[in-house]
Amino acid sequence: MPQLIGLVLIVVLVMGGLILTGGKGALQALPFEMALIGGAAIGTLLLGNSPKVAREAFSGFVRSFRGSRWQRAQHRELLVLLATLMRQARQGGFVAIETDIEHPENSAAFAAAPAVMADVAVRDMICDSFRLMALDLSDPARAEAHMEQSVATHVDQRMKAVNALNTVADALPALGIVAAVLGIIKTMGSIDESPAILGMMIGSALLGTFLGVFLAYGVVGPVAARFGQIVEDEAQPLDVIRTVLSAFGSGVQPGIAVELGRTAIPADQRPDADSVERAQTSARFVHRAVA
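Given the structure is predicted, the values throughout are model-derived calculations rather than measurements. (Residues numbered from 1 in each chain as written. Predicted model: local features only at pLDDT ≥ 70, side-chain atom pairs only at ≥ 80, totals over all residues. Heavy atoms only, no water.)

(A) Spatial organisation of the overall build of the protein. A tally of regular secondary structure across the protein gives 12 helices and 0 strands. Reading the protein from its N end, one meets helices and strands in the order α-α-α-α-α-α-α-α-α-α-α-α. For the protein, whose C-alpha radius of gyration is 26 Å, the value lies well above the compact-globule estimate of 19 Å for 291 residues. Projected onto the principal axes, the alpha-carbon positions of the protein cover approximately 90 × 35 × 30 Å. Taken across its 291 residues, the protein has 41% of its residues classed as buried. For the protein, the share of sequence-separated contacts (at least 6 apart) that also reach a separation of at least 24 residues comes to 76%. Of the accessible surface of the protein, which amounts to about 14,900 Å², a share of 63% is contributed by carbon and sulfur atoms. (Helix = DSSP H or I, 4+ residues; strand = E, 2+ residues; numbered from the N terminus. Rg over C-alpha atoms; globule rule 2.2 N^0.38 Å. Buried < 20%, exposed > 50% of the residue type's maximum accessible area, 1.4 Å probe, protein only. Contact = heavy atoms within 4.5 Å. Areas by Shrake-Rupley, 256 points an atom, 1.4 Å probe, with all protein chains shown as cover.)

(B) Seen up close, the pattern of salt bridges. Tallied over the full model, the rule gives 9 salt bridges. In this structure, Glu56 engages Arg158 in a salt bridge whose closest nitrogen and oxygen atoms are separated by 2.7 Å. Placement of Glu56 in helix H3 (residues 51-66) and of Arg158 in helix H9 (residues 140-188) is noted, with a sequence separation of 102 residues between them. A residue is classified by how much of its surface remains accessible, and Arg158, at 10% relative accessible area, is buried. Glu234 is the salt-bridge partner of Arg158, the closest N and O atoms lying 3.7 Å from each other. Of the two residues, Arg158 sits in helix H9 while Glu234 sits in helix H10 (residues 195-249), which places them 76 residues apart along the sequence. (Salt bridge = Lys/Arg side-chain N within 4 Å of Asp/Glu carboxyl O.)

(C) A look at the nonpolar core. Leu78, Leu82, Met86, Val116, Ile126, Phe130 and Leu245 are the most contacted members of the largest nonpolar core, which totals 37 residues. Counting only elements with at least two residues in this core, the list comes to helix H4 (72-92), helix H6 (108-111), helix H7 (114-118), helix H8 (120-135), H9, H10 and helix H11 (254-263). The element contributing the most residues to this core is H4, with 8 residues. The residues contacting Leu82, other than those within four sequence positions of it, are Ile126, Phe130, Ile241, Val244 and Leu245. With 27 residues, the next largest nonpolar core counts Ala57, Val168, Leu207 and Ala224 among its residues. (Core = buried A, V, L, I, M, F, W, Y, C linked by side-chain atoms within 4.5 Å.)

(D) Examining H10 more closely. Helix length check: H10 (55 residues) gives 79 Å between terminal C-alpha atoms against 81 Å at 1.5 Å per residue, within 8%. At Ala216, H10 shows its strongest bend, of approximately 40 degrees. (Expected span 1.5 Å × (residues − 1). Bend = angle between axes of the 7 residues up to and from the residue.)

(E) Focus on the environment of Thr263. Mapped onto the secondary structure, Thr263 falls in helix H11. Accessibility expressed as a relative area gives 42% for Thr263, which makes it partly exposed. Expressed as a C-alpha distance, the spacing of Thr263 and Val240, which sit 23 residues apart in the sequence, is 9.0 Å. At 2.9 Å, the side chain of Thr263 forms a polar contact with the backbone oxygen of Leu260. (Polar contact = N/O pair within 3.5 Å; in protein donor to acceptor, adjacent residues only side chain to side chain.)

(F) Looking closely at the packing of H4 against H8. Where H4 meets H8, the axes come as close as 12 Å, and the angle between the chain directions of the two elements is 20 degrees. By the angle class used here, H4 and H8 are roughly parallel. When the axes of H4 and H8 are compared, the crossing they make is right-handed. Here Leu78, Leu81, Leu82, Leu85 and Met86 of H4 lie close against H8, whose contacting residues are Val122, Ile126 and Phe130. (Axes fitted to C-alpha atoms, helices over the stretch in contact; angles between N-to-C directions. Parallel < 35°, antiparallel > 145°, perpendicular 65-115°, else oblique. Left-handed = near helix turned anticlockwise from the far one by under 90°.)

(G) Structural context of the packing of aromatic side chains. Overall, the coordinates contain 2 aromatic pairs when judged by the stated rule. On the numbers, 6.1 Å between centres and 5 degrees between planes, the contact of Phe210 with Phe214 is stacked. Of this pair, Phe210 and Phe214 are both found in helix H10, 4 residues apart, which corresponds to roughly one turn of the helix. By relative accessible area, Phe210 is classed as partly exposed at 28%. Given a relative accessible area of 9%, Phe214 falls into the buried group. (Phe/Tyr/Trp six-rings, centres within 6.5 Å; stacked < 30°, edge-to-face > 60°.)

(H) Spatial organisation of the packing of H10 against H11. Packing of H10 against H11 brings their axes to within 8 Å, and their N-to-C directions diverge by 150 degrees. Compared by their axis directions, H10 and H11 come out roughly antiparallel. For the pair H10 and H11, the sense of crossing is right-handed. Only Pro254, Ala257, Val258, Leu260 and Gly261 of H11 make contact with H10, whose side of the interface consists of Val240, Thr243, Val244, Ala247 and Phe248. Classifying every residue of the contact of H10 with H11 gives 8 nonpolar, 2 polar and no charged. (Nonpolar A, V, L, I, M, F, W, Y, C, P; charged D, E, K, R; others polar.)

(I) Summary view of the side chain of Thr84. Relative to the helices and strands, Thr84 is located in helix H4. On the basis of relative accessibility, which here comes to 8%, the residue Thr84 falls in the buried class. When near neighbours in sequence (up to four residues on either side) are disregarded, Thr84 contacts Ala109 and Ala283.

(J) Highlighting a nonpolar patch on the surface. Nonpolar side chains collect at one region of the surface, where Phe32, Leu36, Ile177, Val178, Val181, Leu182 and Ile185 lie side by side and expose about 650 Å² of accessible area between them. Secondary structure elements with two or more residues in the nonpolar patch: helix H2 (23-47) and H9. One can find Val178 in helix H9. (Patch = residues over 30% accessible without salt bridge, like charges linked within 9 Å, V, L, I, M, F, W, Y side chains within 5 Å.)

See the structure below:
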């Protein structure tokens, strides 16, 4: 919501000023210049990135206004799921959770954590980490190294989309100059017109420079910055998984491992200890009823 308010404020103030001071010619040229610069910016994004990165960059515009999908409630779901799986693995060995980690879509434990199921990277990291721990119990450090690599790979992939948006923001002022030059070329072809008409045409040409700078620093640049923050926020659950399962693989009790993971969550997203404990208790009762 704050991002939407900011966008509306920027558009109203800047475009309102343009309407009040830009004159009739600038307003008439606005749709054409916007289409020209916006189309060139989209083409730049598609040209310089793979289809996957381009799709991720386009989705960044929507994600920057929606915000991170991981808040207190979602982190609590993640901690309870990890606690459930660790407790079952400690009681019955990793074979007790084999079905859960091999087919999470059919797992009651995963079904109780819809936020995890909706985030493929988080779900896969949980399953892959438990699977690796089950295959190599003698070396928990190997599983920890794998988890660290998974976190780094995920963040690196998502940051490519952020960098793509930053590249577009950097290119927009130059694209605005290109649009302005085209307008000047058109103006020079009508040099025999009256000063009033020439003034209107020159003003319309300069509108391209205005739009390029405005879109770069008023829209795309801030969106890229916000999207980068969301990428960092949504990588936090992966780091929580690494913290919890690394501790569990080293022999730490599930309850303590969960608390270590909880304290690794930023304060504004961290669920309180009592709510996590109550959720774990409720999950244990549900598991016993199902069993």
